[in-house]
Amino acid sequence: MSSHPIYLDCHATTPIDERVLNAMIPYFTEKFGNAASISHIYGWESEAAVKQSRDILATAINANPEEIIFTSGATEANNLAIKGVAEAYFAKGQHIVTVATEHKAILEPCEYLKSMGFEIMVLPVNQDGLIDLEQLEKALRHDTILVSVMAANNEIGVLQPLDKIGKMCRQKGIIFHTDAAQAIGKIPLDVEALNIDLMSLTAHKVYGPKGIGTLYVRRRNPRIKLAAQQHGGGHERGMRSGTLYTPQIVGFGKAVEIALAEQEPENQRLTELRERLWKQLSTVEDIYINGHPQKRLAGNLNISLEGVDGAALSLALQPMVAVSSGSACSSNNVAPSYVLTALGHPEKLAYASVRFGIGRFNTVEEIDKVAEHFITTVKSLRSASVVIL
Ligand SMILES: *Cc1c(COP(=O)(O)O)cnc(C)c1O
């Protein structure tokens, strides 16, 4: 690992915490039973482990265990929520409202529904990345069946006002779904207090394994109906058939348990690291933060930089630091990030942009090293670009 660059891409994925891995291991080997086998101890052991994780996840979001539907991740949970509601509430209406900065796993299912005849309203965001609540209220109609707004954005870390959106939807009797893949274990999520009807989660953004997630599906006040998108043995209350992936489910539960126990001090630590990084980066000229300065995830810093070629910056950073970087400039064939485009700074579209995702295993020393390397890199690229331009 010593030759590997410093990992600051925690919005893409996170490493598994060793405590999570250790909890998972027995369920690959001696405790390998099928949680649906009711005739022997192999099945019972697996079922008990699944139940324990289901309880942890339900408690984490103030839900009931039966409201937790295991899926392969947030992509599947989002698909199940959006297509499942569209199919089940088709007779009530075909109007769905979402936001321009949502993950592709929201926007693409919506595009698909559009091709099937649904009407999709995509709300814009303001320059900080937040939706306008008045605009949302105006968008809601008698035939609106679903509003889907993410909790925390995966590129700019912006936190949408779930409490206000939930209240508005509940008053109007519209189902509210939120993609909370980036939010679980990082900000408080209470489905009762926030009036959330459906919520997508995933384990691998919170130091759990890849390939496991859940959809929270409200069962009462009101009871949400969903059309299954995968049919088979009737697992997960018929909403998602398929043998449960016990080791991943155990890991998911453990990961969320740890993240919640450490949430407050960890957010404090990450905020300090992010501020330390920004304090150094901001000494560079013509550098800007993307997204709301406060209403964002503690570990997220997304910046745009003037007068630097995005592809060249990306290439120069790679040996030292693993970040998600790009350029909005189409001349070097790097497509603009639609999330940054949605913030509506046309002048910044020619800038290079970098997303730093700081996480549990990053240290002060790493942040300082990255800052130093970044500053040197930008300075040398800028002096070189005088010739190129
Ligand atoms: C990562 C992510 C997803 C996709 O989750 P998978 O579990 O990888 O399918 C969806 N939405 C957001 C906001 C994400 O960050």
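What you see is a predicted model; the values in this text were computed from it and never measured.

Criteria and cut-off values
- Residues numbered from 1 in each chain as written.
- Predicted model: local features only at pLDDT ≥ 70, side-chain atom pairs only at ≥ 80, totals over all residues.
- Heavy atoms only, no water.
- Domains from an automatic or database assignment.
- Buried area = accessible area lost by both parts, 1.4 Å probe.
- Salt bridge = Lys/Arg side-chain N within 4 Å of Asp/Glu carboxyl O.
- Polar contact = N/O pair within 3.5 Å; in protein donor to acceptor, adjacent residues only side chain to side chain.
- Helix = DSSP H or I, 4+ residues; strand = E, 2+ residues; numbered from the N terminus.
- Nonpolar A, V, L, I, M, F, W, Y, C, P; charged D, E, K, R; others polar.
- Phe/Tyr/Trp six-rings, centres within 6.5 Å; stacked < 30°, edge-to-face > 60°.
- Buried < 20%, exposed > 50% of the residue type's maximum accessible area, 1.4 Å probe, protein only.
- Lys NZ or Arg CZ within 6 Å of the ring centre and 35° of its normal.
- Axes fitted to C-alpha atoms, helices over the stretch in contact; angles between N-to-C directions.
- Left-handed = near helix turned anticlockwise from the far one by under 90°.
- Contact = heavy atoms within 4.5 Å.

On to the domain arrangement of the chain. Reports often express the size of an interface as the amount of accessible area lost when the parts come together. Considered domain by domain, the chain is made up of domain 1 (6–12 + 263–388) and domain 2 (18–257). Computed over C-alpha atoms, the centres of domain 1 and domain 2 are 29 Å apart. Surface buried jointly by domain 1 and domain 2 totals about 2,300 Å² across both partners, of which 53% is contributed by carbon and sulfur atoms. When the buried surface of domain 1 facing domain 2 is broken down by residue, Leu297, Tyr338 and Arg360 rank first, second and third, together holding 27% of it. Inspection of the region where domain 1 meets domain 2 yields zero salt bridges. Taken together, the links from domain 1 to domain 2 amount to 14 residue pairs in polar contact (both at pLDDT 80 or more). Those elements that provide at least two residues to the side of domain 1 that touches domain 2 are α7 (246–281), β10 (300–305) and α9 (338–342). Take the side of domain 1 that touches domain 2: its biggest share by element is four residues, from α9. A breakdown of the residues in the side of domain 1 that touches domain 2 according to their chemical character gives ten nonpolar, eleven polar and four charged.

Time to look at the packing of aromatic side chains. A complete count under the given rule lists five aromatic pairs for this structure. Ring geometry for Tyr207 versus Phe361: centroids 5.7 Å apart, planes at 90°, classification edge-to-face. Highlighted residues: Tyr207 in the loop between β7 (198–202) and β8 (213–217) and Phe361 in the loop between β13 (352–357) and α10 (364–388), separated in sequence by 154 residues. Its relative accessible area of 7% is what places Tyr207 among the buried residues. Take Phe361: its relative accessible area is 43%, and that puts it in the partly exposed class. On the basis of an interplanar angle of 65° and a centroid distance of 5.9 Å, the ring pair of Phe356 and Phe374 is categorised as edge-to-face. Separated by 18 residues along the polypeptide, Phe356 in strand β13 and Phe374 in helix α10 bring together distant segments of the chain. The exposure classification of Phe356 matches that of Phe374, with both residues buried. Its guanidinium or amino end placed over the ring of Tyr112, Lys83 lies 5.3 Å from that ring's centre, counting from NZ or CZ.

We now examine the packing of helix α2 (residues 41–60) against α7. Following both chains from N to C, one finds α2 and α7 inclined at 35°, their axes separated by 9 Å at the closest point. Taken as a pair, α2 and α7 cross one another with a handedness that is left-handed. Residue-level inspection shows Ser46, Ala49, Val50, Ser53, Ile56, Leu57 and Ala60 of α2 in contact with α7, the latter providing Thr246, Ile249, Val250, Phe252, Gly253, Val256, Glu257 and Leu260. When grouped by side-chain class, the residues that make up the contact of α2 with α7 number ten nonpolar, four polar and one charged.

Okay, unusual backbone geometry next. Here the residue pair Asn221 and Pro222 is connected by a cis peptide bond, since its omega of -5° sits within 30 degrees of zero. With respect to the secondary-structure elements, Pro222 resides in the loop between β8 and α7. We note that Asn62 has phi near 60°; this positive angle belongs to a residue other than glycine. Secondary-structure assignment places Asn62 in the loop between α2 and β2 (68–71). Positive phi outside glycine occurs at Arg237, with the angle close to 55°. Looking at the element boundaries, Arg237 is found in the loop between β8 and α7.

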